[in-house]
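The lines below spell out each chain.
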Amino acid sequence: MSGPIRPYGDTTGDGMVQLSFTLPIEHSKVAEGAAVQLANKMGMDPALVVHAKPMGEGFTFFVVYGRVNHLVDPSTVEVVERDYPLLTPKEANSAIKSALRRRLVVVGGCIGTDAHTVGIDAILNIKGFAGEKGLEYYRELKVVNLGAQVSVPQLVERAREEKADAVLVSQVVTQRDAHLLNTREMSAAFRESYPEDKRPLLVVGGPRFDETMAGELGVDRVFTRGTTPGEVASYIVHRLVTDKRKAA
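These numbers were taken from a predicted model, which means no experiment stands behind them. (Residues numbered from 1 in each chain as written. Predicted model: local features only at pLDDT ≥ 70, side-chain atom pairs only at ≥ 80, totals over all residues. Heavy atoms only, no water.)

### Section: the sheet that holds strand β5 (residues 141–145)
Stage number 1. Spatial strand order, β5-β4-β6-β7-β8: 5 strands in an open sheet with parallel pairing. The sheet is open, and its two edges are formed by β5 and β8 (221–223), each paired on a single side. When the angles between neighbouring strand axes are averaged without regard to direction, this sheet yields 20°.
Stage number 2. The pairing of strand β6 (residues 166–170) with strand β7 (residues 201–205) spans 5 bridges and is parallel. Bridge pairing links Val169 to Val204 in β7. (Pairing = 2+ DSSP bridges. Helix = DSSP H or I, 4+ residues; strand = E, 2+ residues; numbered from the N terminus. Axes fitted to C-alpha atoms, helices over the stretch in contact; angles between N-to-C directions.)

Pasting the structure below:
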């Protein structure tokens, strides 16, 4: 569809949307009125509270349904499109073996206080994610998974020890933009510790990242929710094998 579009609820173009949020107030009729007031201020008119539930002492969770008049134009949306082919594990292994004549080293982990390893494990562990095997399955990849709560100095030191070609960092904790602060600290540390032409490929991922922020964060690539091991492996091979072949 080309041109501006409006949300769809019951009929085409009716502008109906559903919004959920929590307010720091005990559940009551006043609380529900406050939820409607907030929805109105956000541009929903009329707005109806369709669900309200106490969330512990002094908090209420709401689901509000209502109409908005805003239009969106898909032609003006900026996204990061995949600019490399998806490779099977066999194709990736073959490309690495023929180009590098050694195993490609990947070091990964969760930095800072982040103890959530589900994301990094989904990409690195052999069991993988979404029906795809993780990077440990790739014969020509040496994977070093450092796990959770890795400090930036530890990550840099281990990357040096392993002579890492690529460093993968997962960030799930996002309070007070911790994922952005940690990523900037990490990228700065690597750029300080390595000459630019010797620095490993820096890749970060997590559900709250914006793919367009790679340059701002000082990394080579940002992956968001739903990313599969095959996408990450294909990107690494593309950047470290295919691109270098073309440069040569």
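Picking up where we left off.
### Section: the sheet that holds strand β2 (residues 47–54)
Stage number 1. Taken in spatial order, the 3 strands make up an open sheet running β1-β3-β2, and their pairing is antiparallel. Only two strands of the sheet have a single partner each, and these edge strands are β1 (16–23) and β2. Geometrically, the sheet is characterised by an average inter-axis angle of 15° between neighbouring strands, direction not taken into account.
Stage number 2. In the packing of helix α1 (residues 29–41) onto the sheet, the strands contacted are β1, β2 and β3 (60–67), and the crossing angle to β2 comes to about 135°. (Contact = heavy atoms within 4.5 Å.)

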